[in-house]
Amino acid sequence: DCLPQGSKRCAVIGGCGFLGRHLVEKLLDRGFSVSVFDIRQSCELPGALLSALKDVSLVFHCASPAPSSDDRLLFERVNIQGTQTVIQACLDARVQKLVLTSSASVVFEGTDVKNGKEDLPYAKKPIDYYTQTKIEQEKLVLEACNKSKGFLTVAIRPHGIFGPRDPQLVPTLVDAARRGKMKFIIGDGTNLVDFTYVENVVHGHILAAEHLRADSPICGKPYHITNDEPIRF
Ligand code: NAD
């Protein structure tokens, strides 16, 4: 079990969300002290981003509006402008590492992808505006990687995430089933969809943070994250 070198103080932006809370819990388990920044004020949190990043060497950025929101301006303000603010705040606070939660949908062009690698190009026609802003967000974070400034970045791309306290995926399926709306099959029943257990997604984030060093090939790169097998849907 290797921990990132240097300070064990990190911050999780979006740390009150589904993934963010699991990440915070695992980081605390591993002996980090964690500062959380989120607009959802479920506990006493710092009100300003810069104060949340004080003395922090590692930042995880997993804040986003829900993909189901149809508020384009909100996606733009949070995923694009908000991410520019996060990068600038990291530079101002002399943060050394930024790990972004991106999304596998950034390479989804509407046709099946099986065993897709990271060399797939960004989708030219993203499936929705959320994904379009996730593409812009990922580019901003990866392009900000600058070894000479001592600021290293990496992006993790999960597809669907499931696990305890999932607010969306399983509850939505259960709700639809209860209302009798699951009595159909799309295709011939052999379609595959990729879902990753939340603790595996967390593990991927922590591994990325641990391996993010100036001499590492992962600097400025995106990584797909999945379980071993896709789930038959
Ligand atoms: P979530 O909605 O549970 O958590 C997101 C958190 O971000 C919330 O606590 C919310 O309050 C916070 N937030 C939103 N806007 C903010 C702002 N302007 N400032 C500060 N905090 C803000 O979502 P999640 O499922 O935990 O998703 C986390 C990340 O993972 C997101 O970046 C999302 O795009 C990505 N992702 C999620 C899935 C999935 O299946 N859940 C799949 C792929 C990628």
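As the structure is a prediction and not an experimental result, all values here were calculated from the model.

Colleague: Account for the overall build of the chain, with residues named and values stated.
Modeller: The helix and strand tally for the chain stands at six helices and 10 strands. Here the C-alpha radius of gyration of the chain, 18 Å, is about what a compact globule of 233 residues would show, namely 17 Å. Overall, the chain is about 55 × 40 × 40 Å in size when its C-alpha atoms are taken along their principal axes. Within the chain, the fraction of its 233 residues that count as buried is 42%.

Colleague: Can you explain the nonpolar core? Please cite residues and give values.
Modeller: With 30 residues, the main nonpolar core has Val12, Leu23, Leu27, Val34 and Phe60 as its most contacted residues. Secondary structure elements with two or more residues in this core: strand E1 (9–13), helix H1 (18–29), strand E2 (33–37), strand E3 (58–61), strand E5 (152–158) and helix H6 (198–211). It is H6 that contributes the most residues to this core, six residues altogether. With residues up to four places along the chain from it excluded, the contact list for Val34 reads Cys10, Val12, Val24, Leu27 and Leu28. Residues Leu49, Ile87, Val141 and Leu142 belong to the second largest nonpolar core, which totals 18 residues.

Colleague: Explain the sheet that holds E2 residue by residue, including any values.
Modeller: Pairing is parallel across the open sheet formed by six strands, whose spatial order is E2-E1-E3-E4-E5-E9. Since the sheet does not close on itself, it has two edges, and those belong to E2 and strand E9 (221–225), each with one partner. Going across the sheet, the axis of each strand differs from the next one's by a mean of 20°, ignoring polarity. As paired strands, strand E4 (residues 97–101) and E5 are joined by five bridges and run parallel to one another. In the sheet register, Val99 faces E5, and the bridge partner there is Val154. Contacts between H6 and the sheet are confined to E3, E4, E5 and E9, with E4 contributing the most and set at about 155° to the helix.

Colleague: Mind laying out the site of the ligand, listing which residues take part and the relevant values?
Modeller: In the vicinity of the ligand lie 21 residues, with Leu19, Asp38, Tyr130, Lys134 and His159 positioned nearest. A distance of 2.8 Å separates an oxygen atom of the ligand from a polar backbone atom of Leu19. Here Ile39 contributes a backbone N or O atom positioned 3.3 Å from a nitrogen atom of the ligand. Protein chains shield 83% of the accessible area of the ligand, which is 830 Å² for the free molecule. Among the secondary structure elements, those contributing two or more residues to the shell around the ligand are H1, helix H4 (129–143) and strand E6 (160–162). Here the shell around the ligand is built from residues that sort into 10 nonpolar, eight polar and three charged.

Thresholds applied
- Residues numbered from 1 in each chain as written.
- Predicted model: local features only at pLDDT ≥ 70, side-chain atom pairs only at ≥ 80, totals over all residues.
- Heavy atoms only, no water.
- Helix = DSSP H or I, 4+ residues; strand = E, 2+ residues; numbered from the N terminus.
- Rg over C-alpha atoms; globule rule 2.2 N^0.38 Å.
- Buried < 20%, exposed > 50% of the residue type's maximum accessible area, 1.4 Å probe, protein only.
- Core = buried A, V, L, I, M, F, W, Y, C linked by side-chain atoms within 4.5 Å.
- Contact = heavy atoms within 4.5 Å.
- Pairing = 2+ DSSP bridges.
- Axes fitted to C-alpha atoms, helices over the stretch in contact; angles between N-to-C directions.
- Near = heavy atom within 4 Å.
- Polar contact = N/O pair within 3.5 Å; in protein donor to acceptor, adjacent residues only side chain to side chain.
- Areas by Shrake-Rupley, 256 points an atom, 1.4 Å probe, with all protein chains shown as cover.
- Nonpolar A, V, L, I, M, F, W, Y, C, P; charged D, E, K, R; others polar.

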